Amino acid sequence: MNATEPKPTEEILESLADAKSVFIVGCSGCPVGCDVGGEKWVDEMTAAVRGAGKDVTGSALIELLCNKALVGIKLGRIVEQVTAAEAVLVGSCGVGVQAVGNMVARRTVPALNTICLGDYQGLWPGEERCGECGECVLAYTGGLCPITLCAKSLVNGQCGGTGDNGECEVSPDHPCGWKKIYDRLKELGRIDDMRRMIDPRDARKRAIPDAIRRTTRYALEVSEQEDPAPASEE
Ligand code: SF4
Ligand code: SF4
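An account of the accompanying structure is given in this report.

1. Topic: the overall build of the protein
For step 1, the next point in the chain: Helix and strand counts for the protein stand at 10 helices and 6 strands.
For step 2, the next point in the chain: Among the 234 residues that make up the protein, the fraction classed as buried is 41%.
For step 3, the next point in the chain: Put simply, 63% of the contacts in the protein that link residues at least 6 apart link residues at least 24 apart.

2. A word on the site of ligand 1
For step 1, the next point in the chain: What surrounds ligand 1 is the set Gly-94, Asn-113, Thr-114, Cys-130, Gly-131, Glu-132, Cys-133, Cys-136, Val-137, Leu-138, Cys-145 and Ile-147.
For step 2, the next point in the chain: Tallied by class, residues from the shell around ligand 1 come to 7 nonpolar, 4 polar and 1 charged.

3. Structural notes on the pairing of strand 6 (residues 112–116)
For step 1, the next point in the chain: Of all 5 residues making up strand 6, 5 are buried, and the element is well covered by its neighbours.
For step 2, the next point in the chain: As paired elements, strand 1 (residues 3–6) and strand 6 share 4 bridges and run antiparallel to each other. Within strand 6, the residue paired with Ala-3 across the bridge is Cys-116.

4. What about helix 6 (residues 94–103)?
For step 1, the next point in the chain: Of all 10 residues that make up helix 6, 9 are buried, and the element is covered over most of its length.
For step 2, the next point in the chain: Burial in helix 6 covers these residues: Gly-94, Val-95, Gly-96, Val-97, Gln-98, Ala-99, Val-100, Gly-101 and Met-103.
For step 3, the next point in the chain: Tucked inside the fold, the buried residues of helix 6 contact strand 2 (21–27), helix 4 (68–76), strand 4 (87–91), strand 5 (107–110) and strand 6.

5. Here's the deal with helix 3 (residues 38–51)
For step 1, the next point in the chain: End to end, helix 3 covers 20 Å across 14 residues, agreeing with the expected 20 Å (1.5 Å per residue, within 8%).
For step 2, the next point in the chain: Turning to helix 3, its buried residues are Trp-41, Val-42, Met-45 and Val-49. Along the axis of helix 3, the buried positions cluster into a sector of 100 degrees, meaning they face one direction only. Turned more than 90 degrees off the buried face of helix 3, the exposed positions are Glu-39, Lys-40, Asp-43, Ala-47, Arg-50 and Gly-51.

6. Focus on unusual backbone geometry
One can expect most non-glycine residues to show negative phi and most peptide bonds to be in trans.
For step 1, the next point in the chain: Positive phi outside glycine occurs at Glu-132, with the angle close to 55 degrees.
For step 2, the next point in the chain: Position of Glu-132 relative to the elements: it lies in the loop between strand 6 and helix 7 (146–149).
For step 3, the next point in the chain: Here Glu-132 falls in the buried class, since 23 other C-beta atoms lie within 10 Å of it.
For step 4, the next point in the chain: Of note, the phi angle at Ser-153 is positive, near 55 degrees, even though the residue is not glycine.

7. Thoughts on the site of ligand 2
For step 1, the next point in the chain: Around ligand 2, 14 residues are found, and the nearest of them are Cys-150, Ala-151, Cys-159, Cys-168 and Cys-176.
For step 2, the next point in the chain: For the shell around ligand 2, the class distribution of residues is 8 nonpolar, 4 polar and 2 charged.

8. Quick look at the sheet that holds strand 2
For step 1, the next point in the chain: Reading across the sheet, the 4 strands line up as 3-2-4-5 and stay open at both edges, with parallel pairing between neighbours. Each edge of the sheet is formed by a strand with only one pairing partner; in this case those strands are strand 3 (55–62) and strand 5. Going from strand to strand, the sheet's axes swing by 25 degrees on average, the running direction of each strand aside.
For step 2, the next point in the chain: Relative to strand 3, strand 2 is paired through 7 bridges, and the arrangement is parallel. Bridge pairing in strand 3 places Ser-21 opposite Asp-55.
For step 3, the next point in the chain: Contacting strand 2, strand 3 and strand 4, helix 3 runs over the sheet at an angle of about 165 degrees to strand 3.

9. Regarding the environment of Cys-150
For step 1, the next point in the chain: Mapped onto the elements, Cys-150 comes out in the loop between helix 7 and helix 8 (177–188).
For step 2, the next point in the chain: Distance from Cys-150 to Ile-181, taken between C-alpha atoms, is 9.8 Å for residues 31 residues apart in sequence.
For step 3, the next point in the chain: Setting aside residues up to four positions removed in sequence, Cys-150 forms contacts with Gly-177 and Trp-178.

10. Some points on the packing of helix 4 against helix 6
For step 1, the next point in the chain: Two numbers describe how helix 4 lies on helix 6: the axes approach to 9 Å, and their chain directions differ by 55 degrees. The angle between helix 4 and helix 6 falls in the class oblique. Pair helix 4 / helix 6 crosses with right-handed handedness. Side by side, helix 4 and helix 6 meet where Lys-68, Val-71, Gly-72 and Leu-75 of the first sit next to Ala-99, Val-100, Asn-102 and Met-103 of the second.
For step 2, the next point in the chain: Classifying every residue of the contact of helix 4 with helix 6 gives 5 nonpolar, 2 polar and 1 charged.

11. Focus on the pairing of strand 5
For step 1, the next point in the chain: The alternating pattern of strand 5 places Arg-107 and Val-109 on one face and Thr-108 and Pro-110 on the opposite face, and all of these are buried.
For step 2, the next point in the chain: Note: strand 4 against strand 5, 4 bridges, orientation parallel. The residue bridging Val-90 from the neighbouring strand is Pro-110, located in strand 5.
For step 3, the next point in the chain: Between the parallel pair strand 4 and strand 5, the chain is carried across by helix 6, and the sense of this crossover is right-handed.

Rules behind the numbers
Residues numbered from 1 in each chain as written. Chains lettered and ligands numbered in written order. Predicted model: local features only at pLDDT ≥ 70, side-chain atom pairs only at ≥ 80, totals over all residues. Helix = DSSP H or I, 4+ residues; strand = E, 2+ residues; numbered from the N terminus. Buried ≥ 20, exposed ≤ 12 C-beta atoms within 10 Å, placed from the backbone. Contact = placed C-beta atoms within 7 Å. Near = placed C-beta within 6 Å. Nonpolar A, V, L, I, M, F, W, Y, C, P; charged D, E, K, R; others polar. Pairing = 2+ DSSP bridges. Expected span 1.5 Å × (residues − 1). Arc of directions from axis to C-beta. Axes fitted to C-alpha atoms, helices over the stretch in contact; angles between N-to-C directions. Parallel < 35°, antiparallel > 145°, perpendicular 65-115°, else oblique. Left-handed = near helix turned anticlockwise from the far one by under 90°. Right-handed = clockwise from strand over helix to strand, strands pointing away.

The quantities given are spatial measurements derived from coordinates; they are silent on function.
Shown next, in the form of structure tokens:
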């Protein structure tokens, strides 16, 4: 199970400062287990966003936001509500926020910080990856994770070593993560987000909290990763 914790409401509203209208989508999978999701969360966020003078064009709860097919089907049924909004506020782990961003042509803003995935990148993992940094910055990076897409986990733009064909200088087989972020911000008309300086990371937040390390579930998830079941013999 992915462990998340809520961002302060003031931080969420600051991220949404220039959006006049917002669609709210929550994951009713892991965040509910962490007591940061579900209908209560949607109601609280709706009240906070409206209280800041913004229009809420609609809301939805989806079982697992890491499942892009499900996100596409469910949001496709209410596409008018989604596209009427300037930004989509997403209550899920970083994998879910990126999955929503890859399915809707809107800016996505995270409402939660991901603190532990137990090496579990969603139930239906796609190309989206979260590095459990505990300080999600997807609001300013076009909904793409700089921690996992950039080989150096830079959060304030390119290192200067990107190749002529947009490849990463550290691993030339991969495209530069910040080139991808630049291209996404351009598509969204939000290149100015690149000018925002993101504070230095607090490395302590990348450590898995003791309270989670001590759970049986965490031990099981880690042992599954370290000791995968042998392939069955034909
Ligand atoms: S910025 Fe990346 S690593 Fe950090 S919580 Fe968001 S998706 Fe995860
Ligand atoms: S080339 Fe791009 S992805 Fe590679 S380390 Fe530099 S900024 Fe990061």
